[in-house]
2 protein chains.
Amino acid sequence: MLREELSNVSGKQVREAVRAKKWTRTTHGLARGYVQANLAIIPERYAFDFLRFCQRNPKPCPLLEVGDPGNPEMPRTAPGSDIRTDLPGYRVYKDGALVEEVSDIGHLWRPDHVSFLLGCSLSFDEILTDAGISQRHLNEENGRLSVYITNIACEPAGVFKGPVVAAMRPIARKDVSRAIEITSRYPLAHGGPLHVGDGRDIGISDPTKVDWGRYTPPAEDEIEVYWACGVTPQAVAMASGIPEMITHSAGHMFVTDVELSSIRT
Amino acid sequence: MLREELSNVSGKQVREAVRAKKWTRTTHGLARGYVQANLAIIPERYAFDFLRFCQRNPKPCPLLEVGDPGNPEMPRTAPGSDIRTDLPGYRVYKDGALVEEVSDIGHLWRPDHVSFLLGCSLSFDEILTDAGISQRHLNEENGRLSVYITNIACEPAGVFKGPVVAAMRPIARKDVSRAIEITSRYPLAHGGPLHVGDGRDIGISDPTKVDWGRYTPPAEDEIEVYWACGVTPQAVAMASGIPEMITHSAGHMFVTDVELSSIRT
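Residues numbered from 1 in each chain as written. Chains lettered and ligands numbered in written order. Predicted model: local features only at pLDDT ≥ 70, side-chain atom pairs only at ≥ 80, totals over all residues. Heavy atoms only, no water.

J.: Which parts of the structure should I look at to understand the domain arrangement of chain A?
T.: In many analyses, interface size is given as the accessible surface area lost on bringing the parts together. Residue and element names in this part refer to chain A. Split by domain assignment, chain A resolves into domain 1 (3-120 + 241-263) and domain 2 (122-232). Using only C-alpha atoms to locate each centre, domain 1 and domain 2 end up separated by 20 Å. Both faces considered, domain 1 and domain 2 share a buried interface measuring about 2,800 Å² in area, 61% of it formed by carbon and sulfur atoms. If you look at where domain 1 meets domain 2, you find one salt bridge. Where R32 meets D130, a salt bridge forms, and the shortest distance between an N and an O atom there is 2.9 Å. Summed over the shared surface of domain 1 and domain 2, the number is nine residue pairs in polar contact (both at pLDDT 80 or more). Mapped onto the side of domain 1 that touches domain 2, the elements with two or more residues apiece are β1 (34-43), α2 (47-56), β2 (63-66) and β11 (244-248). Take the side of domain 1 that touches domain 2: its biggest share by element is five residues, from α2. (Domains from an automatic or database assignment. Buried area = accessible area lost by both parts, 1.4 Å probe. Salt bridge = Lys/Arg side-chain N within 4 Å of Asp/Glu carboxyl O. Polar contact = N/O pair within 3.5 Å; in protein donor to acceptor, adjacent residues only side chain to side chain. Helix = DSSP H or I, 4+ residues; strand = E, 2+ residues; numbered from the N terminus.)

Shown next as structure tokens:
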């Protein structure tokens, strides 16, 4: 299946292709106009701590939907969905360590599992491109951002603590102000940037060494712009050492039926 | 103590006066420029359900801060505060019924109590007045709004369910559009209205019969405008019949150190 075949369809159609294993790769550029989401699944006994954690850290962890314990459907953002099969890749963390990557989690799902969908800055790729702001990382087949652990600490809650993770896009200096204005209108997709310019200010000493994704160096006329990233829960799973968290694989997001225009403030 | 003496002080100063029992009345018009909050305290075993409930119903239940279990301080919105003493009045609900009103809750506080602060439209009194939009209910000493149970259902979560509660302000027809524009910028204080005009559309058959507060009839040039109201958790406590919820008494709010200007979007 070609990426183009799924770029102008609905979120539901992408989920169906993923569920049927017809689409197994990253979701960037799919279902244009629809909000994509980061996933974190945790046991119910940590759910109040984690929900409080998200509430205290809305930039890295903007809440789109919180499922009911044991219910794999996300009825508000994606009616008819099944969180166990509708993402093209999952990561399983145990006691703070990544133990496996799998293509579905039907065999792992339990009645005490609670799903959290967090907004995702992949949505910005489209918004910025539509505004004529160039996104060079999109030229690569997997469209991967440069993602880093920063020295900014999340505000802890219960057992959850850890660093804010940031995704860097090189942006032409002439476009920086507009890129900020535009993304600030989407707080549910991480909103405006965390930082503009030299990453050393936020603890990134060597930008060529990404923690996730792939490094795209700024061109002559560009500057680094860092947005909070939905990989933060994975860094938090590792830093907190909680017994279990299941997330999406990097770039393999949950595609919702929520229209991007509806989350603009 | 005169209301005027506390109208241009900080949130912290109001809390100190309340804690010392120097101020025991409603908080409208106090600490101008600071955000006031509705309170709901529930046992930890219902906290994840209630937090999910708030997340699903952001208009009636906009979250300002969620405390850690057993901690009576709200360190993010009011450092040094004590939720057990810093409100001028509390209501205690048991099994869905209001059982008492008390002036502090030190004797009731337990290690499993979790405090939720929800934004409050009392903030709008000031914002609208400053914009030259007349607020006739403020002419009364207690400045009480007309508050009604509507026929709009909250989206349930776990054990929590119930109706949206709305507060009505009569607004001059010439000012309605601007009142909506202005309040829409404050989603953490309930945001834009639920409804404009005849209350029968949202299940209010006789506006003279308020469920809380006091009826202020619209004048000749005015129309009813209904905003979602932070009394909703009290209606939800009653409809859900949960074993215990402690709230503020009507109009007797928690005054934070958060500046109103900082929550404007």
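J.: Would you take a moment to explain the interface of chain B and chain A for this structure?
T.: Contact with chain B, which involves 19 residues of that partner, is made by 19 residues of chain A. Buried surface at the junction of chain B and chain A, both sides included, amounts to about 1,500 Å², of which 54% is carbon and sulfur. Among the residues chain B hides against chain A, the three largest losses belong to F48, Q55 and R76 of chain B. Together they make up 40% of the total. In this structure, D68 of chain A engages R56 of chain B in a salt bridge whose closest nitrogen and oxygen atoms are separated by 3.0 Å. (Contact = heavy atoms within 4.5 Å.)

J.: It is not clear to me how the nonpolar core should be interpreted in this structure. Could you clarify?
T.: Nonpolar side chains tend toward joint burial in soluble globular proteins. Counting residues in hydrophobic clusters, the biggest one holds 48 residues, and the most contacted among them are F116 of chain A together with F116 of chain B. Sequence-distant contacts of F116 of chain B, that is, excluding residues within four places in its chain, are made with F48 of chain A together with N38, L39, A40, I42, A47, F50, L51, L63, E65 and V66 of chain B. Formed by 33 residues, the second largest nonpolar core is a distinct cluster that contains L39, V92, V176 and I246 of chain B. (Core = buried A, V, L, I, M, F, W, Y, C linked by side-chain atoms within 4.5 Å. Buried < 20%, exposed > 50% of the residue type's maximum accessible area, 1.4 Å probe, protein only.)

J.: Just to check I follow, could you spell out the relation of the copies chain B and chain A for this structure?
T.: Think of it as a corkscrew move, a rotation about one axis and a shift along it, taking one chain copy to the other. Superposition record for chain B on chain A: RMSD 0.0 Å, screw rotation 180°, translation along axis 0.0 Å. Here the symmetry operator amounts to a two-fold rotation axis. Residues of chain B ranked by C-alpha distance from the rotation axis are headed by F48 of chain B, positioned 2.2 Å from it. A high fraction, 100%, of the interface residues of chain B reappear at the interface in chain A, so the copies pair face to face through one surface. (Least-squares fit on C-alpha atoms with pLDDT ≥ 70 in both.)

J.: Is there a simple way to think about the side chain of E65 of chain A in this case?
T.: Tracing the backbone through its elements, the reader meets E65 of chain A in strand β2. A relative accessible area of 1% places E65 of chain A in the buried class. A polar contact of 2.7 Å, which involves the side chain of E65 of chain A, links it to the side chain of T77 of chain A. Apart from the residues within four sequence positions on either side, E65 of chain A is in contact with M74, P75, R76, T77, A78, S115, F116 and L117 of chain A together with Q55 of chain B.

J.: Got a minute to help me understand the packing of aromatic side chains in this structure?
T.: The relation between two aromatic rings is expressed through the spacing of the ring centres and the mutual angle of the planes. Overall, the coordinates contain 14 aromatic pairs over all chains when judged by the stated rule. Ring centres 6.2 Å apart and planes at 50° place the aromatic pair F53 of chain B and F160 of chain B in the tilted group. Separated by 107 residues along the polypeptide, F53 of chain B in helix α2 (residues 47-56) and F160 of chain B in the loop between β6 (146-153) and β7 (163-172) bring together distant segments of the chain. Taken together, a centroid distance of 6.1 Å and an interplanar angle of 55° make the contact between F124 of chain B and W227 of chain B tilted. Of this pair, F124 of chain B sits in helix α3 (residues 122-130) while W227 of chain B sits in strand β10 (residues 222-228); the two residues are 103 residues apart in sequence, bridging distant segments of the chain. Of the two residues, F124 of chain B and W227 of chain B, both sit in the buried class. Feature note: the residues F48 of chain A together with F50, F53, F116 and F160 of chain B constitute an aromatic cluster, connected by ring pairs. Over the face of the ring belonging to F48 of chain A we find R52 of chain A, whose NZ or CZ atom lies 4.5 Å from the ring centre. Over the face of the ring belonging to W227 of chain B we find R169 of chain B, whose NZ or CZ atom lies 5.3 Å from the ring centre. (Phe/Tyr/Trp six-rings, centres within 6.5 Å; stacked < 30°, edge-to-face > 60°. Lys NZ or Arg CZ within 6 Å of the ring centre and 35° of its normal.)

J.: Before we go on, may I ask you to explain the environment of E101 of chain B in this structure?
T.: Residues and elements named next belong to chain B. Counting through the fold element by element, E101 comes out in strand β4 (residues 97-102). Classification of E101 as partly exposed rests on a relative accessible area of 47%. The spatial distance from the C-alpha of E101 to the C-alpha of P75 is 26 Å, given a sequence separation of 26 residues. In contact with E101, other than residues within four places in its own chain, are Y90, R91 and S249. A polar side-chain atom of E101 sits 3.3 Å from a polar atom in the side chain of R91. Here the side chain of E101 touches S249 through a polar contact of 2.4 Å, side chain to side chain.

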